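Overview (structure and organization)
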Amino acid sequence: MFVNEVNDVKIYNLSAGKSVPDWLTDRRKRSQLMKKVDSRRQIELIQDFDMPGVCTSIRMSPDQQFILATGTYKPRVKCFEVSNLSIKFERCFDSEVTTFEVISDDYSKLVFLQCDRYVEIHAAHGRHYRLRIPRFGRDMKYHKPSCDMFIVGVGRDIYRLNLERGQFLQPYESDASCLNACEVNPEHHLLTVGSKEGTVEAWDPRTKQRCATLDVAMKLPGVKVFPSVTALKFRNGLQMGVGTASGHVLLYDIRSRQPLLIKDHLNKVPIKRLAFNPSQNAVYSLDEATLKLWDEQTGKQIAYVESTSSFNDFCTIPDTGMFFLAQEDVKMMTYYVPAMGPAPRWCSFLDNLTEEIESEVVENVYDDYQFVTQKELEELGLEHLIGSNLLKGYMHGYFMDVRLYNKAKAVVEPFAFDRFRKEKVRQEIESERKSRLQIESKLPKVNKELALKIMDEQANPSNSAKQRNMPSLLQDSRFKAMFENTDFAINKEAKEYRLLAPVLNRLDKSKAKAIKQRIEVAPVAELHAEEAQPREDSDNDEDLFGFEKSDGDNEESSGDDASSDDEDRREYVKEMKQAYKQVKRQREEEEEAEQEDDEEADGPDDYAAPIANGNGNIKDPAPKKSANFKLTPLDSDRGNSVAEQRIKQASLQDRVRVMSSLEGNVTNVGRSLGNRQMTFEVNKEKKAQYMAKKREAELKKHRDERRGIVRNIKSLRLKRVNFK
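Reading the values: the criteria
Residues numbered from 1 in each chain as written. Predicted model: local features only at pLDDT ≥ 70, side-chain atom pairs only at ≥ 80, totals over all residues. Heavy atoms only, no water. Helix = DSSP H or I, 4+ residues; strand = E, 2+ residues; numbered from the N terminus. Contact = heavy atoms within 4.5 Å. Areas by Shrake-Rupley, 256 points an atom, 1.4 Å probe, with all protein chains shown as cover. Pairing = 2+ DSSP bridges. Axes fitted to C-alpha atoms, helices over the stretch in contact; angles between N-to-C directions. Core = buried A, V, L, I, M, F, W, Y, C linked by side-chain atoms within 4.5 Å. Buried < 20%, exposed > 50% of the residue type's maximum accessible area, 1.4 Å probe, protein only.

Topic: the overall build of the protein
Helices and strands together make up the secondary structure of the protein, namely 14 helices and 36 strands. Relative to all contacts within the protein whose residues are 6 or more apart in sequence, the contacts with residues 24 or more apart total 46%. Of the roughly 48600 Å² of accessible surface on the protein, 50% is carried by carbon and sulfur atoms.

Side note on the sheet that holds strand E1 (residues 2-6)
Strand order in the open sheet formed by 5 strands is E1-E2-E29-E28-E27, with antiparallel pairing between adjacent strands. This sheet does not close on itself; its edge strands, each paired only once, are E1 and strand E27 (311-316). For this sheet, the mean angle separating the axes of adjacent strands, direction not counted, is 25 degrees. The sheet contact formed by strand E2 (residues 9-13) and strand E29 (residues 333-336) spans 2 bridges and is antiparallel. By the bridge assignment, tyrosine 12 is partnered in E29 with tyrosine 336.

Re the nonpolar core
If you look at the biggest cluster of nonpolar residues, it comprises 26 residues, and the most contacted ones within it are Ile58, Ile67, Met322, Phe324 and Trp346. Going through the elements one at a time, strand E3 (54-60), strand E4 (66-72) and strand E28 (322-327) are the ones with two or more residues in this core. Ranked by size, the runner-up nonpolar core spans 19 residues in total, among them Leu286, Leu291, Ala303 and Tyr335.

Digging into unusual backbone geometry
Omega for the bond connecting threonine 72 with tyrosine 73 falls within 30 degrees of zero, at -10 degrees, which places this linkage in the cis form. The amide bond that connects tyrosine 73 to the next residue, lysine 74, takes the cis arrangement and shows omega of 15 degrees. One can find lysine 74 in the loop between E4 and strand E5 (76-81). The phi dihedral of lysine 268 is positive, around 55 degrees, even though this residue is not glycine.

A few points about the pairing of strand E11 (residues 137-143)
Of all the 7 residues making up E11, 6 are buried; the element is thus mostly covered by neighbouring parts of the structure. Relative to strand E12 (residues 148-153), E11 runs antiparallel, the two sharing 6 bridges. Its bridge partner lying in E12, histidine 143 is registered against aspartate 148. Here E11 folds back onto E12, and the loop between the two strands holds 4 residues, one of which, cysteine 147, carries a positive phi near 60 degrees.

In short, geometric facts, not functional conclusions.
Below, the structure is given as C-alpha cells:
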C-alpha cells in the first residue's frame, strides 16, 4: 500500500506493492509473495484485478455489486463480484471495445460499442445479438424511458437503436460535422451531445427536436487552438460539466449560457471523463496524465493522482471515497480517499486499516533478481549459462537470481566488500574531519586539472555574455561524481591518454596562440576600423581546405604565421612519434612476456630421434627443446604494431604528417587539388644481400637438424648370411 499526501489529504493506493517477474508461474508468484514480510502487509483488495495488456474502460453496476472492465489482448470483458472479491466471468470479443453501457441493475444486460462499427448486446449467458452501425462510433448512452440507445461518432447523425422493438429508428441530424460525446440527464432525460466544433446540442427525446445549442469554445480565454468537446456529465437536473480538448472543464447551469466556473488542467491534454461527488461538492476530471479532484464552488484543487502510464478511464463508487482507474498497463488501479467519503460496505475494513497505516514508499522493483549485461556476465565467468533457465533475457542483458549473482561476485572479487567497507569508512572520516585552518578552495579533490580548465574557459573574457552565464559543469549535479568519486579520476598512465596527450597539448597551445593574437590585433583593428574594407569571399579550393596562398600580396602578411604553423606541426609530429614509440615498446614487452610464459608452460620436448652408439646399441639422445611455433592470422603482420594501427585510425592529414617523417618527404606541388608528392628510394642491393643471408641461415639450420636425425653408417655392423 502506498500513501500519498497532497494538501493534507491522504490518498491510499491499494494496488501498489512489490511486483514479481511476469515469466514466473502463478504458483511461484504466490510462494514468493508469501515469503516476504512487505508482501504480507500488501492488500490485494480484488483477486486478479488486472488485464493481460491494457485496460480501456471500467464501470460499476448500478446495484454496486459488480465491477466490469474491458481491455486487451485478446479483447475481453471481465466481471468482478465485490461480495466475493474475485472474478465472476470473463468473455472475449472479435475486436476491441470503444465503450460500453450497463443497462440493467446487474451484469445481465450489457451493450458494447466496438472499434469495427459493431454493436454487441450481451445477456447473462453471453452474447445475445450483434449488429453493425453505418459509421464508426465514439460514444453511446441508454435512454431508459424509450429503451433507445443513442450512438454518436464520425458524422452528424445521432443513431437511435430501439432495444424493445429491435430496430433502428430515424436518426437525429445535428449541425456539427463530427460528434465526440453524449450524455443523458438522469432526472428529466434530456440528451446532450458534444461536437468537434466546440458546441453542445440539447435534444428532447419526447419531441425529437433540438432544444438549444451552447457554444463552449467562445467562453475559453486565451485558447489559440479551436477546442472540441470531449466529455459531458450531469451533476443533477440543472448543473452540467463540459470537458474540452484544450484541457479545460466548464461548469454550467443549463438555464444560462455563461459558465459558472472554468477549471484549467494547465497541460493542454484532452479531458477524457468527468464525475461529481455531491456530498463533498467535488469534481473528478481525468486526462491521460492526471486525475484531479477539485472544489466545484471555488475550483481549488483538493488532491490529484499522477499516472505512471497513460490513463484511459475511471469510475467512482457513489457516496464513497473509492474509485478505480483504467490505464495503459496491466494493473487496474484502486484508490481510496477518506476525505471524499467512507469505504464501501464490502470493504469497510479499510477505514480501520488506514488509521493505523503510516506513510511509506514502496518501490516497484525485482528484489530477488539482478540485471546484468553481457560484459558483466563475462567478467563473472557465467557466459556459459546463456540459454539456460538460470538467465532470463531482457532488453540488452539478462535477469539472474540475486543469490547466484552474489556467489559469483564473491568468487571473482573476494575482497570487494572489504574494499567497499574501507572506502565508506574513509569517506565518513573525511566528511567528519575538520581542518584547523578553514581555507576556502574552489578546486575539487578529484580531477583538479580538468576543473581548472573548465574554470578558465568559463572566465574567458572572449566568451559571449550567454556563454559566461551558462551553468558550469562543476555546479551541475549530473557531473558531481566526476569531481568527488576517485573512480572517475583521469589515469594519465593509460594508453589512450598517452596517445591523446599530443593532441590535447596542441589544442592548449592553439588556444593560447589565439588569445595572444587577439590581444595584439585588437588595438590595431580599432584604429583601422573605418578604413577596413569587407573581404571578398574566395571560391578557391585552397581557402576551402586550408592551403596556404602563394600570391605576392599575401606572402608578407602570412610569412610569420606560416613559419609558426610549421614549427607547431613539427613539434606535434615529434610528440606523436614519441607517443607511438612508447606504446609500441610497451606492446613488444608485453608480447615477449607472454611468449616466455607460453614457453615455460609448454616445457621441453621429450621426443628425439634414436642414435646408435659404437657398439651397435640404440640409445635415446638427451631431450631436446623443441622450437615454439606461433600461429599468426593471415590478416595481421608481425611487424604491425599498436602504433601503426593507431596511425590507420587517425585522420588522413595526421597520418600523412607522421608517415612522411618515417618513409620519405612530402612536398606541395602547384596550387590545385592533388598537389602532394612523395619521394623515397629503394636500395635493391641491400635488400638482396639481406635475403641471401636469411636464406643461408635457414639452410644451415636445416642441415643441423638433419645431422642430428640421420644415423651414422659406420656404427652399423654388416653380417654375412650363408645360403645353402
